[in-house]
Amino acid sequence: MTISQQESMEMKNKILQRAAALACALCFAASLPACSPNESNVAEAQGERTLERLQAAREIDLGNAKDPEVGPAASGDYSLRADKAAQVVEALERGQYVDQSQIDAALFVPPKSLTPEQKAHLINQLKYAGNLDDRGWWDWTRDPVIAQDFSVQKKKANRAIRDLETDQQVSWSEIDEGLAVPRFP
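Throughout what follows, the structure given in this document is the object of discussion. (Residues numbered from 1 in each chain as written. Predicted model: local features only at pLDDT ≥ 70, side-chain atom pairs only at ≥ 80, totals over all residues. Heavy atoms only, no water.)

## Points about the overall build of the chain
Then, in step 1: Summing up its helical and strand segments, the chain has seven helices and zero strands in all.
Then, in step 2: When each of the 185 residues of the chain is scored for burial, the buried share is 25%.
Then, in step 3: Here the chain has roughly 13000 Å² of accessible surface; of this, 56% comes from carbon and sulfur atoms. (Helix = DSSP H or I, 4+ residues; strand = E, 2+ residues; numbered from the N terminus. Buried < 20%, exposed > 50% of the residue type's maximum accessible area, 1.4 Å probe, protein only. Areas by Shrake-Rupley, 256 points an atom, 1.4 Å probe, with all protein chains shown as cover.)

## Details of the packing of helix 6 (residues 144-165) against helix 7 (residues 172-179)
Then, in step 1: For the pair helix 6 and helix 7, interaxial distance at closest approach is 7 Å and the crossing angle is 135°. Here helix 7 runs oblique to helix 6, going by the angle between their axes. In this structure, helix 6 meets helix 7 at a crossing whose hand is left-handed. Between helix 6 and helix 7, the residues in contact are Gln153, Lys156, Ala157, Ala160 and Asp163 and Glu174, Ile175, Glu177 and Gly178, respectively.
Then, in step 2: Residue composition of the contact of helix 6 with helix 7, grouped by class: three nonpolar, two polar and four charged. (Axes fitted to C-alpha atoms, helices over the stretch in contact; angles between N-to-C directions. Parallel < 35°, antiparallel > 145°, perpendicular 65-115°, else oblique. Left-handed = near helix turned anticlockwise from the far one by under 90°. Contact = heavy atoms within 4.5 Å. Nonpolar A, V, L, I, M, F, W, Y, C, P; charged D, E, K, R; others polar.)

## Some thoughts on the layout of surface pockets
Then, in step 1: The volume enclosed by the largest pocket comes to roughly 370 Å³.
Then, in step 2: In terms of lining, the largest pocket is formed by 18 residues, of which the most central are Lys112, Ser113, Leu114, Gln168 and Val170.
Then, in step 3: Counting residues per element, the ones that place at least two in the lining of the largest pocket are helix 3 (72-93), helix 6 and helix 7.
Then, in step 4: Top contributing element to the lining of the largest pocket by residue count: helix 3, with three residues.
Then, in step 5: The calculated volume of the second largest pocket comes to roughly 250 Å³.
Then, in step 6: Surrounding the second largest pocket, Asp77, Leu80, Arg81, Lys84, Gln87, Val88, Val98, Gln102, Ala105, Ala106, Ser173 and Asp176 form its lining.
Then, in step 7: Broken down by secondary-structure element, the contributors of at least two residues to the lining of the second largest pocket are helix 3, helix 4 (100-107) and helix 7. (1 Å grid on protein atoms, 1.4 Å probe; cavity = no way out; pocket = protein on both sides within 12 Å on 5 of 7 lines; lining within 4 Å. Points joined across faces, edges and corners; volume = space filled by probe spheres on them.)

## Observations regarding the packing of aromatic side chains
To describe a pair of aromatic rings, you give the distance between the ring centres and the angle between the ring planes.
Then, in step 1: Under the criterion given, the structure shown has two aromatic pairs.
Then, in step 2: Centroid distance Phe108 to Trp172: 5.4 Å. Interplanar angle 75°. Geometry classified as edge-to-face. Separated by 64 residues along the polypeptide, Phe108 in the loop between helix 4 and helix 5 (116-139) and Trp172 in helix 7 bring together distant segments of the chain.
Then, in step 3: Residue classification places Phe108 among the partly exposed positions, given a relative accessible area of 35%.
Then, in step 4: Between Trp137 and Trp138, the aromatic rings sit 4.7 Å apart at their centres with planes inclined by 85°, giving edge-to-face as the arrangement.
Then, in step 5: Residue Trp138 is classed as exposed on the basis of its relative accessible area of 56%.
Then, in step 6: The ring of Trp140 has Arg142 lying over it, and the distance from NZ or CZ to the ring centre is 4.6 Å. (Phe/Tyr/Trp six-rings, centres within 6.5 Å; stacked < 30°, edge-to-face > 60°. Lys NZ or Arg CZ within 6 Å of the ring centre and 35° of its normal.)

## Points about the packing of helix 3 against helix 4
Then, in step 1: Taken N-terminus to C-terminus, the directions of helix 3 and helix 4 make an angle of 135°; their axes are 8 Å apart at the nearest point. Taken together, helix 3 and helix 4 sit at an angle that is classed as oblique. Our pair here, helix 3 against helix 4, has a crossing hand that is left-handed. Across the interface between the two elements, Arg81, Lys84, Ala85, Val88 and Leu92 of helix 3 pack against Gln102, Ile103, Ala105 and Ala106 of helix 4.
Then, in step 2: Its residues assigned to classes, the contact of helix 3 with helix 4 shows six nonpolar, one polar and two charged.

## Thoughts on the pattern of salt bridges
Working definition: two side chains of opposite charge can pair if their charged atoms are close together.
Then, in step 1: Scanning all chains against the criterion turns up ten salt bridges.
Then, in step 2: A salt bridge links Asp77 to Arg81; the nearest nitrogen and oxygen atoms lie 3.9 Å apart. With Asp77 and Arg81 both in helix 3 and four residues apart, the pair spans about one turn of that helix.
Then, in step 3: Note on Asp77: relative accessible area 4%, which makes it buried.
Then, in step 4: Among the salt bridges present, the one from Glu90 reaches Arg94, with a minimum N-O distance of 2.7 Å. (Salt bridge = Lys/Arg side-chain N within 4 Å of Asp/Glu carboxyl O.)

## Here we look at unusual backbone geometry
Then, in step 1: At Asp167, a residue that is not glycine, the phi angle is positive and equals roughly 55°.
Then, in step 2: One can find Asp167 in the loop between helix 6 and helix 7.

This is the structure in structure tokens:
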């Protein structure tokens, strides 16, 4: 082995040693907690605020459920929403993962009544969802099971629209169902 080959081998060994040391340092750094104590405290405070907001939404739902002015459909709807909020609180307190959409749904407290503008906006949203259901039905006619899902959803949207337009009692659960559009790949 010549001197230049020996120097080349020594240089490669040094580079490999440095790379190994760097890799060890990176592994050690990756094993450390990702949050500093301040970030942890912020996340904990946000979690506590979320729990407080969920408890407040549950209390409002329970109060609305007991209000004789809202009618039986809305009363039942408020009771169901209060139960869902309680379930989300319980899951969060146990440390279970809860999807943000579930938290948002539990935080939503439906109004006791709608202004004409709010009703018109809601009807437009339901019509849009119905149009998406119709388009989905046409897109999936080759698969009758999936096409049927879109057809059922469109019927739910149309029923909620009819009830809103004729000032019938309609629960927010029915409205939520009417707004849902099946998702398929």
